[in-house]
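Residue strings, one per chain:
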Amino acid sequence: MQSKLRLPQPNSPVPAETTRQATDLFQTHGALWLENVFAKSTIEKLLAAYQKKYMNLSKKELRQRDAAVGDQRFMITVDVKGAFNHPEVYANEALMPILENLLSDALRIASFGSVVALPDADQQAIHLDHPPLFGVDEEGLPAYALTMVIPLVDLSPATGTTAIWEGSHRGGQRFDLLRRLMDSPDYSDASLPMAKQGDAYLMDYRVIHGGMANRSDQARPILYIVYSRPWFRDGFNFKSQNAVSISKKQLKKVPPQYRSLFE
Ligand SMILES: O=C(O)CCC(=O)C(=O)O
C-alpha cells in the first residue's frame, strides 16, 4: 500500500509533523493504513465482546437486520456499550487530530458497526459505499466522510482484507474504473492492507473498494466507525439497522468533550 504510516506508539499524541504527513497521504490516496494505533489488549477485549454478542446471531436475526453484504459476509451495527464504549476506540488520541484535519473539528460519527466475513466467504462485489453526492464531477472536493476500519484479528492473505483502489476517490475516470471492476474483478492494481491487531485503515467514502474472500478457517470480523462532516446522514446503508446504536445511559458514560461525536 502506498499510503502507510507507523505511529510511534499506541494511544499517545502524535508529533504534529506525523499528523500533517498522515493528512496529506490520506488526501492524496483516499486511504491510509496506520500501524500501532490501538493497544493490542484493547483489540483483544473488543474481539472477545464481539465474539460473545455478535458471532452467533441467528439467520432470522441477520435477515431482520438485512445484514448480508455479500456471500457469508454480514454488516452488523454494534451497541456502543462495554468495550465498544471507550474513547480509545471512538476518539483515539492519535487519530482525532488527523480526522479533524480531514473533516473539520465539527466531525460526527455517522455509523458504528462491524462486517464479519465467515470462513469461505467469497470476495465481495467491488463497490462504493455511497452514491456520489454531487454527480460525476467531484474533482477537488474534500472528503465528506471516511471509514475507519479496525481489524479485530490479524489480516493475512488467507483471511483476506479489504481491497482498496488508492486514488479512486477523485478523477473523472473513477466511474469507468468502477464499472470495469464490477464487470470483471481484477485485483492487480488494488492495495491490500494486511493490517494486524492494533492497526487501522482509513478509506475516503468515495474510494473504490471491496472485501476479499476469506479462505481461512476463522471468521474475519472488522469493526468500523464512519466519521463525517456534521451535515452528512447515511440514508443509503441503514434502512433496517440503526447507523449508530447508543442508549441514553451509555451516552452519559461518554466523556462530555466527546458527546458531540454521537449527536
Ligand atoms: O469485508 C471487508 O473487508 C469490507 C466490507 C465492505 O467494504 C462493505 O461491506 O462495504
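Residues numbered from 1 in each chain as written. Predicted model: local features only at pLDDT ≥ 70, side-chain atom pairs only at ≥ 80, totals over all residues. Heavy atoms only, no water.

**As for the site of the ligand**
Around the ligand, the structure places Val69, Arg73, Val115, Gln124, His127, Asp129, Thr161, Thr162, His209, Gly211, Arg220 and Ile222. In the model, an oxygen atom of the ligand is placed 2.8 Å from a nitrogen or oxygen of the arginine 73 side chain. For the ligand, an oxygen atom lies 2.9 Å from a polar atom in the side chain of histidine 127. Notes on the ligand: free accessible area 290 Å², of which the protein chains cover 90%. (Near = heavy atom within 4 Å. Polar contact = N/O pair within 3.5 Å; in protein donor to acceptor, adjacent residues only side chain to side chain. Areas by Shrake-Rupley, 256 points an atom, 1.4 Å probe, with all protein chains shown as cover.)

**Some remarks on the sheet that holds strand E5 (residues 145-151)**
In sheet architecture, strand pairing relies on hydrogen bonds along the backbone and comes in two forms, parallel and antiparallel. Read across the sheet, seven strands follow the order E1-E2-E7-E5-E9-E4-E3 without closing on themselves; strand pairing throughout is mixed. For this open sheet the edge positions go to strand E1 (4-6) and strand E3 (73-77), each flanked by a neighbour on one side alone. With strand direction ignored, the average angle separating the axes of adjacent strands in the sheet is 20°. Of the pairings in the sheet, the one linking E5 to strand E9 (residues 220-228) comprises seven bridges and is antiparallel in character. Across the sheet, methionine 148 pairs through a bridge with isoleucine 225, a residue of E9. Set on the sheet, helix H5 (residues 96-103) makes contact with strand E2 (31-35), E5 and E9; between it and E5 the angle comes to about 155°. (Pairing = 2+ DSSP bridges. Helix = DSSP H or I, 4+ residues; strand = E, 2+ residues; numbered from the N terminus. Axes fitted to C-alpha atoms, helices over the stretch in contact; angles between N-to-C directions. Contact = heavy atoms within 4.5 Å.)

**Let's talk about the packing of helix H1 (residues 16-29) against H5**
Axis separation between H1 and H5 bottoms out at 9 Å; the angle between their running directions is 45°. In terms of orientation, H1 lies oblique with respect to H5. The crossing of H1 and H5 is right-handed. Contact residues: Thr19, Ala22, Thr23, Phe26 and Gln27 in H1; Pro97, Ile98, Asn101 and Leu102 in H5. Classifying every residue of the contact of H1 with H5 gives five nonpolar, four polar and no charged. (Parallel < 35°, antiparallel > 145°, perpendicular 65-115°, else oblique. Left-handed = near helix turned anticlockwise from the far one by under 90°. Nonpolar A, V, L, I, M, F, W, Y, C, P; charged D, E, K, R; others polar.)

**Observations concerning the nonpolar core**
Counting residues in hydrophobic clusters, the biggest one holds 72 residues, and the most contacted among them are Leu34, Tyr90, Phe112, Met148 and Tyr227. No other element matches E9, which puts six residues into this core. If we ignore the near neighbours within four places in the chain, the residues touching tyrosine 227 are Val89, Tyr90, Ala91, Leu99, Leu103, Leu107, Arg108, Ile109, Tyr144, Ala145, Leu146 and Met148. Judged by nonpolar contacts, the second largest core, of 11 residues, contains Leu128, Phe175, Tyr187 and Ala190. (Core = buried A, V, L, I, M, F, W, Y, C linked by side-chain atoms within 4.5 Å. Buried < 20%, exposed > 50% of the residue type's maximum accessible area, 1.4 Å probe, protein only.)

**Some points on the environment of histidine 29**
On the secondary structure map, histidine 29 appears in helix H1. Taking relative accessible area as the criterion, histidine 29 reaches 14% and is therefore assigned buried. Once the C-alpha coordinates of histidine 29 and methionine 203 are considered, the two residues, 174 residues apart in sequence, prove to be 9.1 Å apart. Apart from the residues within four sequence positions on either side, histidine 29 is in contact with Gln2, Ser3, Glu166, Gly167, His169 and Val207.

**Notes on the pairing of E3**
The buried fraction of E3 is high, at five of five residues. Alternating residues of E3 divide into Arg73, Met75 and Thr77 and Phe74 and Ile76, and every residue in both groups is buried. Note: E3 against strand E4 (residues 108-117), five bridges, orientation antiparallel. Residue pairing across strands places isoleucine 76 opposite serine 114, the latter belonging to E4.

**Thoughts on the pattern of salt bridges**
In this structure the tally under the stated criterion is 10 salt bridges. One salt bridge connects aspartate 24 with arginine 20, and the closest N-O pair in it is separated by 2.6 Å. In this pair, aspartate 24 and arginine 20 both sit in helix H1, four residues apart, roughly one turn of the helix. Judged by relative accessible area, arginine 20 falls into the partly exposed class, the value being 41%. Of the charged contacts, one joins arginine 215 and aspartate 122 as a salt bridge, the two residues approaching to 3.7 Å between their closest N and O atoms. On the criterion of sequence distance, the pair formed by arginine 215 in the loop between strand E8 (209-211) and E9 and aspartate 122 in the loop between E4 and E5 is long-range, its members being 93 residues apart. Judged by its relative accessible area of 53%, arginine 215 falls in the exposed class. A relative accessible area of 37% places aspartate 122 in the partly exposed class. The network of salt bridges with shared partners includes Lys4, Arg6 and Glu35. (Salt bridge = Lys/Arg side-chain N within 4 Å of Asp/Glu carboxyl O.)

**Regarding H5**
Within the span of H5, buried status applies to Met96, Ile98, Leu99, Leu102 and Leu103. One face of H5 carries all of its buried residues, which in axial projection span an arc of 160°. Contact partners of the buried residues in H5: H1, E2, helix H4 (87-90), E5 and E9. Once H5 ends, the next one or two residues include serine 104, with phi positive near 80°. (Arc of directions from axis to C-beta.)

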